[in-house]
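Secondary and tertiary structure notes
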Amino acid sequence: MKNIKSMLSSPTRIILFSIVVILLVCLIGFSIVSAINSISNNKGIGLEKATEIAIQNAGLNQSDVKGLKGSYDRDDSLECYEIEFFANGFEYDYTISADDGTILKAEKELTDKISGNSSNQAPSDTDMSQGQTGNSTDNSQYISAEKAKEIALNHSNLNSSSVTFTKTEMDTEHGIHVYEIEFVVDSIEYDYEINALTGNIIKFDKENIHH
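Residues numbered from 1 in each chain as written. Predicted model: local features only at pLDDT ≥ 70, side-chain atom pairs only at ≥ 80, totals over all residues. Heavy atoms only, no water.

1. Quick notes on the overall build of the protein chain
A tally of regular secondary structure across the protein chain gives 5 helices and 8 strands. Each helix and strand of the protein chain, ordered N terminal to C terminal, gives the series α-α-α-β-β-β-β-α-α-β-β-β-β. By residue count, 33% of the 211 residues in the protein chain fall in the buried class. Pairs at least 24 residues apart make up 40% of the contacts formed inside the protein chain by residues separated by at least 6 positions. Split by element, the accessible area of the protein chain, about 12800 Å² in all, is 51% carbon and sulfur. (Helix = DSSP H or I, 4+ residues; strand = E, 2+ residues; numbered from the N terminus. Buried < 20%, exposed > 50% of the residue type's maximum accessible area, 1.4 Å probe, protein only. Contact = heavy atoms within 4.5 Å. Areas by Shrake-Rupley, 256 points an atom, 1.4 Å probe, with all protein chains shown as cover.)

Given below as structure tokens:
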């Protein structure tokens, strides 16, 4: 008690003592938060394994990805890991079951849909309409809807006999003509946006429709 009283014998010492107490409280609080995060990130299969599953599903190696982020989440009593990263001009977003590693959602989206190279850009809506009347644009430069479906199926490692197509149509996204392809197999819904001029996959979404 005498030591404490001597420490608080002047305003300067009181301030110093208060600062020490605050620092100790912050340190303890930080340790508790870190421990909670560590426990959360190791639930079920663990954050490291979930990240490995996502990167492997994307057909990439750890060294290929940038901006990797991962965290544990709980959505409607479902425990999962949210994994995000960038690679080769695409943004990947995964939701993976913390229980067994099942991929509940997978998204792949071009980070810059409007290329600076004019040869990769589809014509405007006006040009498109002119092409349909045979004036200036030849529609043969676009891939067919069947070809777009084939590209989507090849990417998902599926065949037409095993899926049910729910949407196949051409639309315009940011000045680029794209095919929107959607199909379902078992409880998984696949959603693709494919450049109608180049056949490149602009966006890919895979989601378990029962969650």
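2. Some details on the side chain of Lys 108
Inspection of the secondary structure assignment puts Lys 108 in strand E4 (residues 103–110). Here Lys 108 sits buried without a salt bridge, and the closest side chain of opposite charge, Asp 64, lies 12 Å off (N-O distance). Discounting chain neighbours no more than four positions away, the residues touching Lys 108 are Phe 90, Glu 91, Tyr 92, His 155, Ile 202, Lys 203 and Phe 204. (Lys, Arg positive; Asp, Glu negative; His and termini not counted. Salt bridge = Lys/Arg side-chain N within 4 Å of Asp/Glu carboxyl O.)

3. Re the packing of aromatic side chains
Two numbers describe a pair of aromatic rings. These are the distance of the centres and the angle of the planes. Across all of its chains, the model carries 8 aromatic pairs by this definition. For the pair Phe 85 and Tyr 94, a centre-to-centre distance of 6.1 Å together with 15° between the ring planes defines the contact as stacked. For the pair formed by Phe 85 and Tyr 94, the shared burial category is buried. An angle of 65° between the planes, with centres 5.4 Å apart, marks the rings of Phe 165 and Phe 183 as edge-to-face. With Phe 165 in strand E5 (residues 164–173) and Phe 183 in strand E6 (residues 176–185), this pair connects stretches of sequence that are 18 residues apart. A relative accessible area of 0% means that Phe 183 is categorised as buried. Taken together through their ring pairs, the aromatic side chains of Phe 165, Phe 183, Tyr 190, Tyr 192 and Phe 204 make up a single cluster. When the ring centre of Phe 90 is taken as reference, the NZ or CZ atom of Lys 108 above it lies at 4.5 Å. A cation over a ring is seen here: Lys 149 above Phe 165, with NZ or CZ 4.4 Å from the ring centre. (Phe/Tyr/Trp six-rings, centres within 6.5 Å; stacked < 30°, edge-to-face > 60°. Lys NZ or Arg CZ within 6 Å of the ring centre and 35° of its normal.)

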